[in-house]
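Residue-level structure breakdown
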Amino acid sequence: MLRRIESLARNNREPVVLGTAFNSSLTRRAFLALVGQAAAVVGLGGFIRCLGRKDGFLRPPGALTEGEFFSLCIKCQKCQEVCPTGVIIPVLVTEGAASVGTPKLNFLLGYCNLCMRCIEVCPTGALQPTKKEAVRLGVAGIDKERCVAWTWTGCTQCQQVCPLGAIVLDNSQRPTVDASKCNGCGLCEYICPSPSLRSYTSTVGKGIVVVPLGAERPRES
Amino acid sequence: MSKIKIRMVRVLTASIVILVILLGGTCKLGYGTICSFGVWRISFTCPLGFLQMVLASRNLLPQLWLSVALVVLFIILLGRFFCAWICPVALLRGVFSGKGAVNSNRGKREGKEATIQLRASSSANPNGLLELPPKGTVWASYSRYAILGGALLSSFLFGFPVFCAVCPIGLFFGSLFAVNRLLFAKQPSLELLLFPALLGFEIFVLKSWCRSICPLGALLSIISTLNCFVRPTIQKDLCLASQGTHYRVCNEACPEGIDLHNDSAGSPLKDCTKCLECYEKCPARAIRLAILR
């Protein structure tokens with residue numbers, strides 16, 4: 001060991017550095033560089049913001065208003081991880097660059113059973129504790145061009161599964177949505193068999209769709 | 001003599017963290033990612049994310065104080081250990097650069113220039129005691145603090161946590177989860193290409209990410225001024241440099257450019273990531289990890 005140290009010492013001809021290696025005098029150039037770097041990051045924020053914070057995502061239950069939600073969500077993915085039905089997925093780049101990674105509901109993958117686990121795990125309070133009765137995720141609307149019952153006959157799946165009785169059948173056994181009762185849980189959209197029943201026609205998409213509150217509902221005339 | 005290198009232990013710890021997070025994501029355990037990692041009721045929230053959210057929402061967010069305080073407590077105990085032992089960016093840099101420390105932060109050019117300048121000035125200085133040229137070096141190393149300030153200001157102005165949108169740690173887990181969604185839910189997305197591309201740009205094109213850009217590292221450095229445990233210190237009686245030889249093995253090993261022989265010469269000790277490279281490499285075993293300051 002000692003021999004190794006000695007040989008290392010012989011080979012190491014670097015002079016000993018003593019005294020201050022760094023001088024902390026701030027040159028104008030260095031200062032401008034620092035300011036420029038900070039400004040670039042500020043600009044980055046503005047750029048992302050300009051890419052558009054698209055409103056109108058279906059958010060998990062208890063979500064704050066879009067602006068507040070946007071400022072509090074750190075995209076930690078916890079809500080998405082715990083969701084037992086797998087309805088929560090991150091917003092994709094193609095849907096809004098500024099909102100990438102924030103959670104949204106996709107009722108093609110599942111529905112909200114109001115288990116509230118997403119709210120429990122949310123570390124920042126972007127999802128606030130809410131009573132089940134007070135939850136309004138969105139509102140369902142029937143797309144009469146895609147709904148099997150409206151274009152043909154016989155299907156009442158959505159009416160049968162709706163836990164709130166918000167879907168009522170008219171005289172011709174066609175479903176309609178009572179918006180005042182609907183909480184947007186998405187079960188109707190999830191089970192709607194329209195796309196598979198009509199997979200041989202050019203029709204795509206569900207016959208009943210949940211849209212965010214205030215958004216335009218589908219072609220329901 | 002086969003010795004387990006500390007570097008490999010660091011690769012292992014960072015990999016375990018990634019695996020646990022991936023497992024949590026796949027099995028719906030709800031651990032979250034590094035942004036906010038929690039098991040049961042104990043959770044750790046990214047202090048940079050917290051500050052950005054406070055500024056973005058103009059709200060003190062008391063619900064997060066406990067989990068941020070836990071992080072601060074760990075930093076007081078272990079300093080910037082996160083950077084060397086947990087951060088997936090350091091792991092990626094270490095694995096793909098193929099050599100050197102896991103967090104090989106030190107710019108190559110910077111080191112070479114310093115050496116050249118040292119040699120050049122050694123002839124002019126007869127007693128062999130040198131000073132590195134000043135030339136605003138230290139201010140250039142403050143760039144990550146400038147970026148930290150910019151990120152906070154930007155979050156305040158535009159109302160969302162700005163740095164989180166481009167944070168390489170977030171991009172890393174975003175990429176993993178995108179692959180996860182592809183494999184388990186058959187949902188391909190543009191993220192599969194975009195996230196790794198941006199991540200690669202940040203880590204491999206902007207080469208000095210950890211050292212001159214990362215605002216999280218900057219924030220950890222600031223909090224690390226409170227750090228009082230596991231600080232590498234030199235035992236003068238054993239140190240070869242203190243006995244007049246030209247040894248600088250610990251300096252060269254340090255990815256942060258800390259000079260343990262002279263506090264004012266290199267980066268401050270608060271930048272220490274506890275990577276233990278100096279401890280491992282010192283031929284005289286002269287570096288002690290002081291438990292208390």
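The present account deals with the structure reproduced in this document.

About the criteria used
Residues numbered from 1 in each chain as written. Chains lettered and ligands numbered in written order. Predicted model: local features only at pLDDT ≥ 70, side-chain atom pairs only at ≥ 80, totals over all residues. Heavy atoms only, no water. Helix = DSSP H or I, 4+ residues; strand = E, 2+ residues; numbered from the N terminus. Contact = heavy atoms within 4.5 Å. Salt bridge = Lys/Arg side-chain N within 4 Å of Asp/Glu carboxyl O. Buried < 20%, exposed > 50% of the residue type's maximum accessible area, 1.4 Å probe, protein only. Axes fitted to C-alpha atoms, helices over the stretch in contact; angles between N-to-C directions. Parallel < 35°, antiparallel > 145°, perpendicular 65-115°, else oblique. Nonpolar A, V, L, I, M, F, W, Y, C, P; charged D, E, K, R; others polar. Expected span 1.5 Å × (residues − 1). Arc of directions from axis to C-beta.

Looking now at the environment of Ile203(B). Residue and element names in this part refer to chain B. By the element assignment, isoleucine 203 lies in helix H11 (residues 191-205). Separated by 111 residues in sequence, isoleucine 203 and leucine 92 have C-alpha atoms that sit 8.2 Å apart. Apart from the residues lying within four places of it in its own chain, the contact partners of isoleucine 203 are Val89, Leu92 and Arg93.

Evaluated as defined, the whole model comprises nine salt bridges over all chains. We note a salt bridge from Glu66(A) to Arg59(A), for which the minimum N-O separation is 2.6 Å. Here Glu95(A) makes a salt bridge to Lys104(A), at a shortest N to O gap of 2.4 Å. No difference in accessibility class separates Glu95(A) from Lys104(A), as the two residues are buried. Through salt bridges that share partners, Arg10(B), Glu277(B) and Lys281(B) make up one connected network.

This brings us to the packing of helix H8 (residues 143-158) of chain B against helix H13 (residues 215-224) of chain B. Residues and elements named next belong to chain B. Running from N to C, H8 and H13 cross one another at 105°; their axes reach a closest spacing of 8 Å. Taken together, the axes of H8 and H13 lie roughly perpendicular to each other. Here Arg144, Tyr145, Ile147 and Leu148 of H8 come into contact with H13, specifically with Pro215, Gly217, Ala218, Leu219, Ser221 and Ile222. Looking at the contact of H8 with H13 residue by residue, the class counts come to seven nonpolar, two polar and one charged.

Since one α-helical turn is 3.6 residues long, residues separated by three or four positions face the same way. All names here are of chain B. Here helix H1 (residues 6-26) spans 30 Å end to end across 21 residues, near enough to the 30 Å set by a 1.5 Å rise per residue. The set of residues buried in H1 consists of Ile6, Arg10, Val11, Ala14, Ile18, Ile21, Gly24 and Gly25. Across the axial projection of H1, the buried residues extend over an arc of 165°, all falling on one side. Counted as exposed and oriented over 90 degrees from the buried face of H1: Leu12 and Leu19. Positive backbone phi, at 55°, marks lysine 28, one or two positions downstream of H1.

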